[in-house]
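Chain by chain, the residues:
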Amino acid sequence: MKQIIHTDKAPAAIGPYVQAQKVGEMIFTSGQLGIDMEKGGLAEGVVAQAHAAMKNLGQILKEAGADYCDIVKTTIFVKDLADFKAVNEVYASYFEGQYPARSCVQVAALPMGGLVEIEAIAQK
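The following refers to the structure shown. Fair warning: this is a prediction, and the values are worked out from it, not measured in the lab.

Reading the values: rules and limits
Residues numbered from 1 in each chain as written. Predicted model: local features only at pLDDT ≥ 70, side-chain atom pairs only at ≥ 80, totals over all residues. Heavy atoms only, no water. Axes fitted to C-alpha atoms, helices over the stretch in contact; angles between N-to-C directions. Helix = DSSP H or I, 4+ residues; strand = E, 2+ residues; numbered from the N terminus. Left-handed = near helix turned anticlockwise from the far one by under 90°. Contact = heavy atoms within 4.5 Å. Nonpolar A, V, L, I, M, F, W, Y, C, P; charged D, E, K, R; others polar. Buried < 20%, exposed > 50% of the residue type's maximum accessible area, 1.4 Å probe, protein only. Pairing = 2+ DSSP bridges. Arc of directions from axis to C-beta. Core = buried A, V, L, I, M, F, W, Y, C linked by side-chain atoms within 4.5 Å.

Let us now look at the packing of helix α1 (residues 45–63) against helix α2 (residues 84–92). Running from N to C, α1 and α2 cross one another at 35°; their axes reach a closest spacing of 9 Å. When you trace α1 past α2, the crossing you get is right-handed. Facing α1, whose interface residues are Val46, Val47, Ala50, His51 and Met54, α2 presents Ala86, Val87, Val90 and Tyr91. Looking at the contact of α1 with α2, its residues break down into 8 nonpolar, 1 polar and no charged.

Attention now goes to the pairing of strand β2 (residues 20–23). Every other side chain in a regular strand lies on the same face of the sheet, so the side chains alternate between the two faces. Residues Ala20 and Lys22 line the buried face of β2, whereas the alternating positions Gln21 and Val23 sit on a face that is not buried. Sheet analysis places strand β1 (residues 2–5) next to β2, joined by 4 bridges and oriented antiparallel. Along β2, the bridge assignment pairs Ile5 with Ala20. Across 4 bridges, the pairing between β2 and strand β3 (residues 26–29) is antiparallel. Counted as the bridge partner of Val23 is Met26 from β3. In sequence, β2 turns back onto β3 through a hairpin of 2 residues, with Gly24 there showing a positive phi of about 65°.

Moving on: α2. Those residues of α2 lying buried are Val87, Val90 and Tyr91. Seen end-on, α2 carries its buried residues on one side only, within an arc spanning 100°. Across α2 from its buried face, at more than 90 degrees, point the exposed residues Lys85 and Glu89.

What follows is about the nonpolar core. Membership of the largest hydrophobic core comes to 26 residues, with the highest contact counts inside it found for Ile27, Met54, Ile71, Ile76, Phe95, Val116 and Ile118. At the level of secondary structure, the elements contributing two or more residues to this core comprise α1, β7 (71–78), α2 and β9 (116–123). A total of 7 residues in this core trace back to one element, the largest contributor, which is α1. Each residue touching Val116, except ones within four places of it in the same chain, is listed here: Gln32, Leu33, Gly34, Val46, Gln49, Ala50, Ile76, Phe77, Val78, Val87 and Leu110.

Put into structure tokens, the structure is as follows:
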């Protein structure tokens with residue numbers, strides 16, 4: 001049984017998709033841009049956008065009854081692979097101990113002119 005996950009504490013979908021779906025014990029999030037929920041737009045710079053994307057993922061996971069420690073796989077999309085180190089440092093700060101499996105790829109463009117987007121698969 002699929003359950004749509006939605007929270008007003010993370011950005012609403014900007015297209016025909018949902019923030020996440022929970023299927024059994026698995027949670028599949030949509031990619032989260034670095035939208036600052038307090039300001040209502042993209043955060044300034046790749047470091048701030050990476051933090052915002054991770055915070056948004058955290059809010060979605062919380063709504064689904066999970067947390068960062070429940071993430072088993074992430075995919076990170078960056079506009080410029082030169083930002084790899086900076087994004088890694090931000091990303092690592094959200095995990096204690098073991099990290100999930102991960103892919104990181106450079107893309108030609110992201111919605112809204114974003115610099116980073118992060119999606120996750122978690123198991124609760």
